[in-house]
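Chain by chain, the residues run as shown.
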Amino acid sequence: MKIQDYTTTLLAHMGVQGSQVEIVEEDEGVRVAIQVSEEDSGMMIGRRGETIEALQKIFSLTFREELGEKRITVAVNDYLDRRQEIVERIANEAIDRVSATNEPFTLPYLSSNERRYVHTLMKDKGVETQSDGTGRDRLLTVFPQGYLSIQSTNNDNNTVAKPAAVIGSNTEGSSEDA
C-alpha cells in the first residue's frame, strides 16, 4: 500500500473528513503533509504534538522496509513548521544566555525530534549540548564551549557539577545523548 492510500484510509478510520494529503519527497526522507479542518486539528496534533509523534511512529514502522534509512515526518496543518520556529527561538535564546552568563542552561521539555534538531542547530555556535533523563523527564542542557570536558575532568576527581539553570523540571537523569 502506498503512503498516500495508507494515510487516506487511516484518516477515514479516525473519522476525519475533508482532509487533504500530500506526500513530499525530501532529501532526508518523506513528509506526509495533512490538512484537516480546525475542529479535527486538535485530535490530529494532540497535546504537545503527541498524536503527531505517534502517527510518525506508526508510519515509520509500517513503511520501514520501503523507506530504509529515510525518516518519515507527519505534518498536520503546518503545526511542525510553527513548532520548529518556536524551538529555534528557544535555542537561540539559550545560546545567548549561556554565552552571556558562561553558565549551563536547561531547556524546557522537548520531544526527541526537537532535541535532535536543537543538537544539530547548536553545532558550531560556541556551545555544547547534552540530553539527560529518560522519557518525559529527558531534558537538553546547553553548556559553554569546553564546559563538559572540564566537568569530565572534575568528575574524575569525584566532583559533580550540576547545571545552574533548570527550566520546567528538577529531575536528574542519566547522561545519554538524545
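Just above sits the structure.
Keep in mind that what you see is a predicted model, and the values were worked out from it rather than measured. Every chain's residues receive numbers from 1 upward, in the order its sequence appears when written. For this predicted model, a pLDDT threshold of at least 70 governs which residues receive local features, and a threshold of 80 or more governs which side-chain atom pairs are given and counted, while totals over whole chains, interfaces and linings are taken from all residues. By convention in this description, side-chain values take in all heavy atoms of the structure and omit both hydrogens and water.

1. Some remarks on the packing of aromatic side chains
Right, on to step 1. Aromatic contacts are taken between Phe, Tyr and Trp rings whose centres are within 6.5 Å, Trp giving its six-membered ring; a plane angle under 30 degrees counts as stacked, one over 60 as edge-to-face, and the others as tilted. As enumerated under the stated definition, the model contains four aromatic pairs in all.
Right, on to step 2. With 5.3 Å between their ring centres and 90° between their planes, Tyr6 and Phe59 make a pair best called edge-to-face. Highlighted residues: Tyr6 in helix α1 (residues 3-13) and Phe59 in helix α3 (residues 50-62), separated in sequence by 53 residues.
Right, on to step 3. Each residue is assigned to one of three classes by its accessible area relative to the maximum for its type, calculated with a 1.4 Å probe on protein chains only: buried under 20%, partly exposed between the two thresholds, exposed over 50%. By relative accessible area, Phe59 is classed as buried at 1%.
Right, on to step 4. Arranged with centres 6.3 Å apart and planes meeting at 35°, the rings of Phe59 and Phe63 form a pair that is tilted.
Right, on to step 5. Residue classification places Phe63 among the buried positions, given a relative accessible area of 4%.
Right, on to step 6. Taken together, the aromatic side chains of Tyr6, Phe59 and Phe63 make up a single cluster linked through ring pairs. The secondary structure listing takes helices from DSSP runs of H or I that are at least 4 residues long and strands from runs of E that are at least 2 residues long, numbered from the N terminus.

2. Regarding the side chain of Asp40
Right, on to step 1. Locating Asp40 in the fold gives a position in helix α2 (residues 38-45).
Right, on to step 2. In this description, contact between two residues means that some pair of their heavy atoms is separated by no more than 4.5 Å. Setting aside chain neighbours within four positions, we find Asp40 in contact with Val16 and Gln17.

3. Side note on helix α5 (residues 79-101)
Right, on to step 1. With 23 residues, α5 ought to run about 33 Å at 1.5 Å a step, and its terminal C-alpha atoms sit 33 Å apart, in line with that.
Right, on to step 2. Every buried residue of α5 is accounted for by Tyr79, Val87, Ile90, Ala91, Ala94, Ile95 and Val98. To estimate how far a helix should extend, the number of its residues minus one is multiplied by 1.5 Å.

4. Comments concerning unusual backbone geometry
Right, on to step 1. With a phi angle near 60°, Asp78 is a residue other than glycine that sits in the positive phi range.
Right, on to step 2. By the element assignment, Asp78 lies in the loop between β3 (71-76) and α5.

5. Notes on the environment of Glu69
Right, on to step 1. The topology assignment puts Glu69 in the loop between α4 (64-67) and β3.
Right, on to step 2. We classify Glu69 as exposed; its relative accessible area is 81%.
Right, on to step 3. Placed 41 residues apart in sequence, Glu69 and Glu28 show a C-alpha to C-alpha distance of 8.9 Å.

6. Remarks on the side chain of Asn77
Right, on to step 1. Along the chain, Asn77 turns up in the loop between β3 and α5.
Right, on to step 2. Overall, the relative accessible area of 11% leaves Asn77 in the buried class.
Right, on to step 3. Sequence-distant contacts of Asn77, defined by excluding residues within four places in its chain, comprise Ile34, Gln35, Val36, Ser37, Ser41 and Arg82.

7. Some words on the sheet that holds β3
Right, on to step 1. Taking strand neighbours across the sheet as the criterion, the three strands line up as β1-β2-β3 in an open arrangement whose pairing is mixed. Of all the strands in the sheet, the pair left with one neighbour each is β1 (20-25) and β3. Each strand of the sheet is rotated relative to its neighbour by a mean of 15°, with strand direction disregarded.
Right, on to step 2. Strand direction decides the pairing type here: strand β2 (residues 29-35) and β3, joined by six bridges, are parallel. At least two bridges found by DSSP between two strands is the condition for calling them paired. The angle between two axes is taken between their N-to-C directions and runs from 0 to 180 degrees, where each axis is a line fitted to C-alpha atoms and a helix contributes only its stretch in contact.

8. A look at the environment of Tyr109
Right, on to step 1. In this structure, Tyr109 sits in the loop between β4 (105-106) and α6 (112-121).
Right, on to step 2. With 27 residues separating them in the primary sequence, Tyr109 and Arg136 have C-alpha atoms 7.4 Å apart.
Right, on to step 3. When residues no more than four places from it in sequence are discounted, the contact partners of Tyr109 are Arg48, Arg83, Gly135, Arg136, Arg138 and Leu139.
Right, on to step 4. For Tyr109, the side chain forms a polar contact with the side chain of Arg136, separated by 2.9 Å. Each polar contact in these results corresponds to two N or O atoms within 3.5 Å; when the atoms are within protein, one needs to be able to donate a hydrogen and the other to accept it, and residues that are neighboring in sequence are counted only if both atoms are side-chain atoms.

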